[in-house]
Amino acid sequence: LGEGKNIEIINSSIENLPDNIIDEINIFYMFNPFSGEIFENFLKKVEFSIKRKDREIYILYVNAVMEKLFDKYSNLFPLVKSEKSFKKINYYHHLP
């Protein structure tokens with residue numbers, strides 16, 4: 001992150017986060033947080049956030065059981081790395 005950078009941890013349902021907060025998030029860490037429609041809505045919210053405020057974004061998705069949903073968004077969030085330790089972990093990275 002670099003010197004002088006602040007880190008804030010937000011533990012919240014994505015459905016309850018206002019757009020202005022999502023627009024400030026650069027790292028999303030998820031441990032198989034939700035499925036189906038809710039996951040799709042999360043990806044849409046981040047996509048719209050990028051349209052409002054393009055920035056570098058990392059998504060760390062642990063226990064990646066819904067990874068196929070990322071296929072639709074591969075132009076925004078290319079898979080950078082996938083590894084299997086105790087659970088499957090996928091790393092996605094968006095560059096402006």
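Here the structure is shown first, and the text comes after it.
How each quantity is defined
- Residues numbered from 1 in each chain as written.
- Predicted model: local features only at pLDDT ≥ 70, side-chain atom pairs only at ≥ 80, totals over all residues.
- Heavy atoms only, no water.
- Pairing = 2+ DSSP bridges.
- Helix = DSSP H or I, 4+ residues; strand = E, 2+ residues; numbered from the N terminus.
- Axes fitted to C-alpha atoms, helices over the stretch in contact; angles between N-to-C directions.
- Phe/Tyr/Trp six-rings, centres within 6.5 Å; stacked < 30°, edge-to-face > 60°.
- Buried < 20%, exposed > 50% of the residue type's maximum accessible area, 1.4 Å probe, protein only.
- Contact = heavy atoms within 4.5 Å.
- Salt bridge = Lys/Arg side-chain N within 4 Å of Asp/Glu carboxyl O.

Participant: Mind showing me how you'd approach the sheet that holds strand β4 (residues 88-94) here?
Facilitator: Think of a sheet as strands paired side by side through backbone hydrogen bonds, with each pair either parallel or antiparallel. As summarised here, the arrangement of the four strands in space is β1-β2-β4-β3, forming an open sheet in which the pairing is mixed. The open sheet has two edge strands with one neighbour each: β1 (27-31) and β3 (79-84). Strand-to-strand, the axes of this sheet are offset by a mean angle of 10°, without reference to chain direction.

Participant: Got a minute to help me understand the packing of aromatic side chains in this structure?
Facilitator: Geometry of an aromatic ring pair is reported as the spacing of the ring centres plus the angle between the planes. Throughout the structure, instances matching the rule amount to seven aromatic pairs. For the ring pair F28 and F42, a centre distance of 5.4 Å and an interplane angle of 75° mean the geometry is edge-to-face. Taken as a pair, F28 in strand β1 and F42 in helix α2 (residues 36-52) lie far apart in primary sequence, 14 residues in all. F28 gets classed as buried once you look at its relative accessible area, which sits at 7%. Taking relative accessible area as the criterion, F42 reaches 1% and is therefore assigned buried. For the ring pair F70 and F77, a centre distance of 6.3 Å and an interplane angle of 80° mean the geometry is edge-to-face. As far as the burial class goes, F70 and F77 line up, both buried. Of the aromatic side chains, those joined through ring pairs into one cluster are F28, F39, F42, Y61, F70, F77 and Y92.

Participant: Looking at this structure, I do not really get the side chain of E47. What am I missing?
Facilitator: With respect to the helices and strands, E47 occurs in helix α2. Apart from residues no more than four positions distant in its own chain, E47 is found in contact with Y73 and L76.

Participant: Got a minute to help me understand the pattern of salt bridges in this structure?
Facilitator: Two side chains of opposite charge can pair, provided their charged atoms sit close to one another. On inspection of all chains with the given rule, the structure shows six salt bridges. K72 is paired through a salt bridge with E40; the nearest N and O atoms lie 3.0 Å apart. Separated by 32 residues along the polypeptide, K72 in the loop between β2 (57-62) and β3 and E40 in helix α2 bring together distant segments of the chain. On the accessibility criterion, K72 (59% relative accessible area) is exposed. We classify E40 as buried; its relative accessible area is 12%.

That's the geometry; what it means functionally is another story.
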